[in-house]
Amino acid sequence: MNNDRFYVNISGIKGDKRIPSRVLEEMIQNAVEQGHRAIEVNAYGQHGIGGRLWRSGNEKIKIRIQGHSGQRTGSLGFPNTEIEIMGPASDDIGWLNAGAEIIVHGNASNGAMNGGAQGKVYIGGNIGARGMTMTKHNPRFDPPELWVLGAAGDYFGEFMAGGIAVVCGFNTSYNESVLGYRPLVGMVGGKVFCRGDATGFSQSDAKIVPITDVDWDWLCTNLMNFLQKIEKKELFDRLSKRSEWTLIRAKTPQEKLIGKGILAMHSFRQDVWDRELGKGGLIGDLMEVERGTIPLITKGEWRRMVPVWEHAKYKAPCQANCPTGIPVQERWHLIRKGLADEATSMGLKYTPFPATVCGYLCPSPCMASCTKNLQYITPVNVRLLGRAGEKAELPVSAEKSGKRVAVIGAGPGGISAAWHLTLKGHDAVLFDESKQIGGKISSVIPDSRIPKETLQNELERVKKIIPDIRLEHKITPKSFQKIKKEFDYVVVAAGARKPRMLPIPGVEFAVSANDFLEKAKQNPAKLKDELQKIKESLVKSKEDQTKSNEVQSAPFKKVVIIGAGNVGCDVATEAHRIGAETITLIDVQKPAAFGKEKEDAQAVGATFHWPCFTKEITSQGVILDDGEVIEADTVVISIGDVPDTDFLGKDISTRNGFVSVNEFNQTSDPTIFAIGDIVGPGLLTHAIGSGKRTAEAIDSIISGREPEMLDARSEIDKSRISLEYFNPMVKSYNTLEECGSECASCGRCRDCSICVHVCPEGAIERFESEDGAFEYKADPEKCIGCGFCKGACPCGIWNIVTNSPL
């Protein structure tokens, strides 16, 4: 109750009107999101205060409630949340508690800790009926606890399945029952400490057991903590007399059968099932099951269904949705085995840019497709694994084949093709008209998207693998024909360098996105001078000399970007970096921008407007077809690029301006392949993946084999994965080890042996070969085809299929 100055106050009333419960909860959530960790709520009967505060992650939150808290305070409470009610509490305090600590300085009415699974509820008075009912305990977490200073109301602990309750019986007669009427009916788990008369509980469901020294030490230690929480620690000596306490626990199923004998199936059907659920019973009018004999539980070839261990039969969703085809789940498997170096090195078998692209630039479709998203669980951070690849060891190339392959274009796709061709033993030569390799990664993408050192390190690694790189080499129709004759195969990865421009008046006074980005990155001052000259030319063309004089002194302030995709967002962030104050992105449709690019643009104050149809570019700015004027002193057009295919000649088939290829990126000329933006627009990872697949196809042809898709497996059905085994509370990952342990390993066996332990017939056994490979098999002479293995498998490995002999 100290340090009041650190609390932010939220009132449950505005003016003379009570704020609805939902709105008050949003106010609390917003305060937490803004970084407040101590919140005082003046409540006016609002429900659910303090529940579901997950936004703080692992930071502790303190909620103090003054006034009248409504029902279900702290419901669905999260770990690291502490709720203190400075008075009595209404019904269902701590309902479905999932980890919060709740303190009540007074009585609590019905349903205290009802359905709780974690957390603690401390009551500084009495509680009403049905406290601690239907609680449960997951052994992975601490059990839920309910501490009551006084007595409990009727039906206490009904259907209690786990947890610990402590009822102190303060201010009650020692001979007076402190658990109310009919306590612990249906109790199947957990235990109850009570001080005073404990008679009257359900003897068929629970039993009194001796308090061991371990039990007593636990009770005394936590009793003092409880009394400190409710500010009554002076009562400790009075409440800590061992002779006054009783410990009650649930009976085991075996203990419940003692003296009852085994009920025959016929008797169970007649005396229990039919009476409760049959004709005249609770749902008798819905029962359509006819009496019949129990069928034989078959084994061997007579089983109707049989289990199949389908390890690695399917791709994990992350791998299936990675354009480069990186087996992410295999890399996390290596991390779990402590082989971090091997996991990072594996990335270089698929991409020459594990850190640059996978770690920073890729929008990570692998994470977007993660099975964990189905349950709103944070996917493991693949970017951490990508960034670790910056320092991975160089892969070893195969023995030289003597074959030469020319790769035209030293962007991500071209480098990928040359990289993989070199690793397979072929001599790859890179040609590019630029002064440096890397394509748009080096020349266009802003430095804010990736550390310069990381990019430089990976480009240097590329040069070590591919020694023959020929820069400032412009490809003409004549030089292309020469290259074709000198090399066994040619891979064209020239990209799309020609910007699309709008057919509107004044378009000549706009600058293309790639031109803007390249100059902004290399020489911002020169770019601003060029933009100033464009503005002056625009004004002079309108014969407005007065305006011209104004423009000459006008700084680079207002920028309009036509085209609100990710490239347009990069333009926005660069424009802000070099001095723009007002940045507007317009589009004819809802902006296609997403991910970090859009977040960065919004962070610098860029605004998005759509639908907007540009009519003309003038000295005022951009004129839309409805007459609206969006003021601008610089206009950038970012509506995509098209490739220049003229150098290829007429022998190479094209369609809509792009090179036509088959599934192996082979053109109409069987010795020429094409990848990347010259084939069609896509992500950096699409170009890198195409480069790898093209290298594999060329290697197959050189080796005398028909090209084939090396991994044609389909994606695993996500419904097969059991996410219950993984921690839903994790909101971020800091280490590779954390990621590896929380990866669901979809379709790849984690070798956990859960299937072995869960099989009721003991039919499953693990086998390991000399090379360390393992396999789980079900003995057909023991297996009954029940499917427990499938239901229990975390990774979706086991499947149940129809038995073929039948």
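Residues numbered from 1 in each chain as written. Predicted model: local features only at pLDDT ≥ 70, side-chain atom pairs only at ≥ 80, totals over all residues. Heavy atoms only, no water.

S.K.: Explanation requested: the sheet that holds strand S8 (residues 118-123) in the structure shown.
M.R.: Think of a sheet as strands paired side by side through backbone hydrogen bonds, with each pair either parallel or antiparallel. Strands sit in the order S1-S4-S5-S6-S7-S8-S9-S10-S11-S13-S12 across an open sheet of 11 strands; the sheet is mixed. Where the open sheet ends on each side, the last strands, each with one partner, are strand S1 (8-11) and strand S12 (206-209). For this sheet, the mean inter-axis angle between neighbouring strands, taken without regard to orientation, is 20°. The pairing of strand S4 (residues 38-44) with strand S5 (residues 61-68) spans seven bridges and is classified as parallel. Looking at S5, one finds that Ile39 is bridged to Ile63. (Pairing = 2+ DSSP bridges. Helix = DSSP H or I, 4+ residues; strand = E, 2+ residues; numbered from the N terminus. Axes fitted to C-alpha atoms, helices over the stretch in contact; angles between N-to-C directions.)

S.K.: I keep staring at the pairing of strand S13 (residues 245-250) and nothing clicks. Help me out?
M.R.: Side chains on a regular strand alternate between the two faces of the sheet. With five of its six residues buried, S13 lies for the most part within the structure. Pairing geometry for strand S11 (residues 189-195) and S13, over five bridges, is antiparallel. When the bridges of S13 are listed, Lys191 appears paired with Arg249. Two strands pair when backbone bridges link them, and S12 and S13 are joined in this way by four bridges, in the antiparallel orientation. Bridge assignment links Lys207 to a residue of S13, and that residue is Arg249. (Buried < 20%, exposed > 50% of the residue type's maximum accessible area, 1.4 Å probe, protein only.)

S.K.: Got a minute to help me understand a negative patch on the surface in this structure?
M.R.: A cluster of acidic residues, Glu301, Glu765, Asp779 and Glu781, forms a negative patch on the protein surface. In this structure, Glu781 sits in the loop between strand S33 (774-778) and helix H24 (788-792). (Patch = residues over 30% accessible without salt bridge, like charges linked within 9 Å, V, L, I, M, F, W, Y side chains within 5 Å. Areas by Shrake-Rupley, 256 points an atom, 1.4 Å probe, with all protein chains shown as cover. Salt bridge = Lys/Arg side-chain N within 4 Å of Asp/Glu carboxyl O. Lys, Arg positive; Asp, Glu negative; His and termini not counted. Charge placed at Lys NZ, Arg CZ, Asp CG, Glu CD.)

S.K.: Would you take a moment to explain the nonpolar core for this structure?
M.R.: Counting 47 residues, the largest nonpolar core has Ile63, Ile93, Leu146 and Phe156 as its most contacted members. Considering each element in turn, this core owes the most residues, four residues, to helix H1 (residues 21-33). Each of domain 1 (1-63) and domain 2 (87-257) accounts for three or more of the residues forming this core. If we ignore the near neighbours within four places in the chain, the residues touching Ile63 are Ile28, Ile39, Val41, Ile49, Leu53, Glu82, Ile83 and Glu84. One finds Ile437, Val462, Ala493 and Phe664 within the second-largest nonpolar core, a separate group that totals 36 residues. (Core = buried A, V, L, I, M, F, W, Y, C linked by side-chain atoms within 4.5 Å. Domains from an automatic or database assignment. Contact = heavy atoms within 4.5 Å.)

S.K.: How do you make sense of the environment of Lys718 when you look at a structure like this?
M.R.: Counting through the fold element by element, Lys718 comes out in the loop between helix H21 (684-702) and helix H22 (736-742). For the pair Lys718 and Gly125, spaced 593 residues apart in sequence, the C-alpha to C-alpha distance is 49 Å. Once you skip the residues sitting within four places of it in the chain, Lys718 turns out to touch Pro317, Ser369, Cys370, Thr371 and Leu374.

S.K.: When you look at unusual backbone geometry in this model, what are you seeing that I'm missing?
M.R.: Residues other than glycine predominantly adopt negative phi, and peptide bonds predominantly adopt the trans conformation. Of note, the amide linkage connecting Trp610 to Pro611 takes the cis form, showing an omega dihedral of -10°. Here Pro611 lies in the loop between strand S23 (607-609) and strand S24 (614-617). Positioned with a positive phi, Asn80 is a non-glycine residue whose angle comes to about 75°. With respect to the helices and strands, the residue Asn80 is situated in the loop between S5 and strand S6 (81-85). With a phi angle near 55°, Asn656 is a residue other than glycine that sits in the positive phi range. Tracing the sequence through the fold places Asn656 in the loop between strand S29 (654-655) and strand S30 (658-659). By relative accessible area, Asn656 is classed as exposed at 72%.

S.K.: How should I be thinking about the sheet that holds strand S27 (residues 634-637) in this particular structure?
M.R.: The parallel open sheet is built from five strands, whose spatial order is S20-S27-S21-S22-S23. Here the strands that pair on one side only, and so sit at the sheet edges, are strand S20 (511-512) and S23. Relative to S27, S20 runs parallel, the two being bridged by two bridges. What sits directly across from Ser512, in S27, is Ile637. Sitting on the sheet, helix H19 (residues 566-577) touches strand S21 (558-562), strand S22 (582-586), S23 and S27, and the angle it makes with S22 is about 170°.

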